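Chain by chain, the residues run as shown.
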Amino acid sequence: SDLPDGAVMKDYSNISRIYFIGIGGIGMSALAKYYLSKNAIVSGYDKTVTILTRQMEDMGIAIHYEESVELLDQKAQLVVFTPAVPKDHKELNYYLHNNYEIIKRSALLGEITKTTFNICIAGTHGKTTISTMTAHILRDSGLGCNAFLGGIAVNYNTNFWNSPNNVSVAEADEFDRSFLQLSPDIALISAMDADHLDIYGTKEKMEESFIEFAGRLRPGGLLLTNYHLPVKDFSAANHLRYSVDNTGADVFAAEIEMPEGGYRFTVVTKSWQLEDVQLKMGGLHNVENAVAAIAIAHHMGISDDAIKNAVKNFKGVKRRFEYIVSPSEGGIVFIDDYAHHPQELDALISGAKNLFPGRKCTIIFQPHLFSRTKDFAEDFAESLDQADEVILLPIYPARELPVQGVSSSLVKGFMKNKNAVQVSKEQLLEYLQLNFLPVAKNNGGGNVLITAGAGDIDKLVQPIKEALISNIK
């Protein structure tokens, strides 16, 4: 241990009073629920009310929505924050100036998983679905795990659960190099596309960070990497590469069939096969995600039948190719997705087009961050061009200030598909009523409508669903 003589290692899993600045964040809320499950007094601040903060309030967590030194917890033993919290935040500064123990979310997750067997899922996309599928298979099969997820598992309507079994499944986030705090026994890297260049500067620096993450594997651990990753010098002795259907990979899917709105396939490796796997969610990328989760479950010793059963009853992750109105309901298929990077949009649109050939595909896209829109405007345009019709909302700024000359028009300007319009969030429902629904009604409602983005577009999902259901009977 690197502690000085006589120092005692702090037990972070045993805190009785804890405060979160930015408690509504998906990773923060999982930790808040973890401490609640350990009977700690948990409270926090966030700037907006969301479904997630309401759910936590219902569980007994006190949350307030204005920066206030009066409302924070003065008796907190530990204060948790994320890099998304601005430096001039009043509450953060109060705690800093009064010598409270303050820790970043990523460091805390690293601390509380030091004593568990860790399955850590990293990658610029795919990580939420793979970690949720893996945790679901472990839970559904009865093996059990602690799950710290970056999305809400539809099966359980939560992003956290605990178990007496000393296994943790954690999403390993590359943002702010957070994942370098973790100690994996099984590490997975799904993708290393350029992203978060505001932090890393270059794609190469970002890739180096992923190699460093793989290097944190505990002795005897297993590394899984996507077959399509750029060839890198991963040092793991036990290394499997997975793919959706590339037979050069160590584990891949074969005999892929597409029953309405889902997939059936066989998982093939050199030493074992799993036949007749059924996945009831859209997008070929999700078959690849399932291949990865199944490889982990098999490595953990879960039986073939238990794996197949769990995959078959997996309902997906909220906002990851989530059917809001499913194919079985007839009429318009409505899909909501978190896609906010060109490759994710590409997978989303091509997935929908493959599953529902012959149906007109309309996407409503809310770009996320000025910096990302500026960096990838042409790539976004190319991905969106695959849809038959595109409705662009204004950029969601998140943690950024506006950038001169950067707006949704930038993306629209690069698009070859002229069937694209820009609409404000306030105008969207009216636009759909006047322009989208009458046309959809005329062709028998056989359209596919997609909402995509990582901002607050999810608040429009319910109103859109209601408009669809009341208009198309």
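What counts as what
- Residues numbered from 1 in each chain as written.
- Predicted model: local features only at pLDDT ≥ 70, side-chain atom pairs only at ≥ 80, totals over all residues.
- Heavy atoms only, no water.
- Phe/Tyr/Trp six-rings, centres within 6.5 Å; stacked < 30°, edge-to-face > 60°.
- Buried < 20%, exposed > 50% of the residue type's maximum accessible area, 1.4 Å probe, protein only.
- Lys NZ or Arg CZ within 6 Å of the ring centre and 35° of its normal.
- Axes fitted to C-alpha atoms, helices over the stretch in contact; angles between N-to-C directions.
- Helix = DSSP H or I, 4+ residues; strand = E, 2+ residues; numbered from the N terminus.
- Left-handed = near helix turned anticlockwise from the far one by under 90°.
- Contact = heavy atoms within 4.5 Å.
- Nonpolar A, V, L, I, M, F, W, Y, C, P; charged D, E, K, R; others polar.
- Pairing = 2+ DSSP bridges.
- Salt bridge = Lys/Arg side-chain N within 4 Å of Asp/Glu carboxyl O.
- Core = buried A, V, L, I, M, F, W, Y, C linked by side-chain atoms within 4.5 Å.
- Parallel < 35°, antiparallel > 145°, perpendicular 65-115°, else oblique.

S.K.: Looking at this structure, I do not really get the packing of aromatic side chains. What am I missing?
M.R.: Working definition: an aromatic ring pair is given by the centre-to-centre distance plus the angle between the planes. According to the stated counting rule, one finds 14 aromatic pairs in the structure shown. On the numbers, 5.0 Å between centres and 85° between planes, the contact of Tyr34 with Tyr35 is edge-to-face. Residue Tyr34 is classed as buried on the basis of its relative accessible area, which comes to 6%. A cation over a ring is seen here: Arg320 above Tyr338, with NZ or CZ 4.2 Å from the ring centre.

S.K.: What exactly am I supposed to notice about the packing of helix α13 (residues 425-442) against helix α14 (residues 461-471) here?
M.R.: To characterise two packed helices, one gives the angle between the axes of the helices and the distance between these axes. Between α13 and α14, whose axes approach to 11 Å, the crossing angle comes to 35°. When the axes of α13 and α14 are compared, the crossing they make is right-handed. Of the residues in α14, those touching α13 at Leu428, Leu429, Leu432, Gln433, Phe436, Leu437 and Lys441 are Pro463, Ile464, Ala467, Leu468 and Asn471. For the contact of α13 with α14, the residue count by class is nine nonpolar, two polar and one charged.

S.K.: Would you take a moment to explain the sheet that holds strand β16 (residues 322-325) for this structure?
M.R.: Remark on secondary structure: sheet strands pair via backbone hydrogen bonds, oriented parallel or antiparallel. Read across the open sheet, the six strands follow the order β16-β17-β21-β18-β19-β20; overall the sheet is mixed. Of all strands in the sheet, those with a lone pairing partner are β16 and β20 (420-422), marking the two edges. The average angle at which neighbouring strand axes cross in this sheet is 20°, direction not considered. Bridging between β16 and strand β17 (residues 333-337) involves three bridges; their strand directions are antiparallel. Counterpart to Tyr323 in the pairing with β17 is Ile335.

S.K.: Whenever I open this one, the pattern of salt bridges confuses me. Can you help?
M.R.: Oppositely charged side chains may form a pair once their charged atoms are brought near each other. One pass over the structure, following the stated rule, counts 14 salt bridges. In this structure, Arg105 and Asp173 form a salt bridge, with 3.9 Å as the shortest nitrogen-oxygen distance. Of the two residues, Arg105 sits in helix α4 (residues 105-112) while Asp173 sits in the loop between β9 (167-172) and β10 (186-189), which places them 68 residues apart along the sequence. Residue Arg105 is classed as buried on the basis of its relative accessible area, which comes to 13%. Residue classification places Asp173 among the partly exposed positions, given a relative accessible area of 21%. For Arg264, the salt bridge is made with Glu257, and the minimal N-O distance between the two is 3.6 Å. Residue class for Arg264 comes out partly exposed when judged on its relative accessible area of 30%. Among the residues examined, Glu257 registers a relative accessible area of 44% and is labelled partly exposed. Salt bridges sharing common partners tie together Glu257, Arg264 and Asp276.

S.K.: Sorry if this is basic, but what is going on with the sheet that holds strand β1 (residues 17-21) here?
M.R.: Taking strand neighbours across the sheet as the criterion, the five strands line up as β3-β2-β1-β4-β5 in an open arrangement whose pairing is parallel. Two strands bound the open sheet, and with one partner strand each, they are β3 (62-64) and β5 (102-104). Going from strand to strand, the sheet's axes swing by 20° on average, the running direction of each strand aside. Note: strand β2 (residues 41-45) against β3, three bridges, orientation parallel.

S.K.: Any chance you could explain the nonpolar core here in plain terms?
M.R.: Proteins that are soluble and globular tend to have nonpolar side chains buried together. Ranked by internal contacts, the top residues of the largest apolar core, which has 74 residues, are Phe265, Ile363 and Leu384. With nine residues, helix α8 (residues 284-299) is the single largest residue contributor to this core. Counting 45 residues, the second largest nonpolar core, distinct from the first, contains Met28, Ala30, Ile189 and Ala236.

S.K.: I'm lost on the environment of His341 in this one. Help?
M.R.: Structurally, His341 can be placed in the loop between β17 and α10 (342-355). By relative accessible area, which is 1% here, His341 ends up buried.

S.K.: So what exactly am I meant to see when it comes to the packing of helix α1 (residues 26-37) against α4 here?
M.R.: Put simply, α1 and α4 touch, their axes get as near as 10 Å, and they point 40° apart. The angle between α1 and α4 places the two elements in the oblique class. For the pair α1 and α4, the sense of crossing is left-handed. Facing α1, whose interface residues are Gly27, Met28, Leu31, Tyr34 and Tyr35, α4 presents Arg105, Leu108, Leu109 and Ile112. Counted by class, the contact of α1 with α4 contains seven nonpolar, one polar and one charged residues.

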